[in-house]
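The chain contents come next:
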Amino acid sequence: MSVVIILMSASLFVAIIFLVSFLWAVKNEQFDDTYTPSLRILNDDNNNNVKLKDGVGE
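Note that the structure is predicted; figures quoted are calculated from it, not measured.

1. Overview of the overall build of the chain
For the chain, the helix and strand inventory stands at three helices and zero strands. The N-to-C order of helical and strand elements in the chain reads α-α-α. Counting over 58 residues, the chain shows a buried share of 2%. On the chain, roughly 5700 Å² of surface is accessible, and the fraction owed to carbon and sulfur atoms is 65%.

2. What about unusual backbone geometry?
The phi dihedral of E29 falls on the positive side, at around 60°, and the residue is not glycine. Following the sequence through the fold, E29 ends up in the loop between α1 (2-27) and α2 (36-39). Classification of E29 by relative accessible area gives exposed; the value is 56%.

3. Considerations on a nonpolar patch on the surface
Together, L19, F22, L23, V26 and F31 line one region of the surface with nonpolar side chains, adding up to about 500 Å² of accessible area. With respect to the secondary-structure elements, V26 resides in helix α1.

The rules behind each value
Residues numbered from 1 in each chain as written. Predicted model: local features only at pLDDT ≥ 70, side-chain atom pairs only at ≥ 80, totals over all residues. Heavy atoms only, no water. Helix = DSSP H or I, 4+ residues; strand = E, 2+ residues; numbered from the N terminus. Buried < 20%, exposed > 50% of the residue type's maximum accessible area, 1.4 Å probe, protein only. Areas by Shrake-Rupley, 256 points an atom, 1.4 Å probe, with all protein chains shown as cover. Patch = residues over 30% accessible without salt bridge, like charges linked within 9 Å, V, L, I, M, F, W, Y side chains within 5 Å. Salt bridge = Lys/Arg side-chain N within 4 Å of Asp/Glu carboxyl O.

Following this line, the structure appears as structure tokens:
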């Protein structure tokens, strides 16, 4: 019976950690910008120009 109490308290502790982490992320606006990360792959050409100027990309 004591194992069940230990497992319940451990799982409650882990759940509280995840809840606090999620609330911290929401409070610090980690989920506000969902559009820009999908456009970053389209701006990948800027990195190629830098490599060509250095002669590394050739």
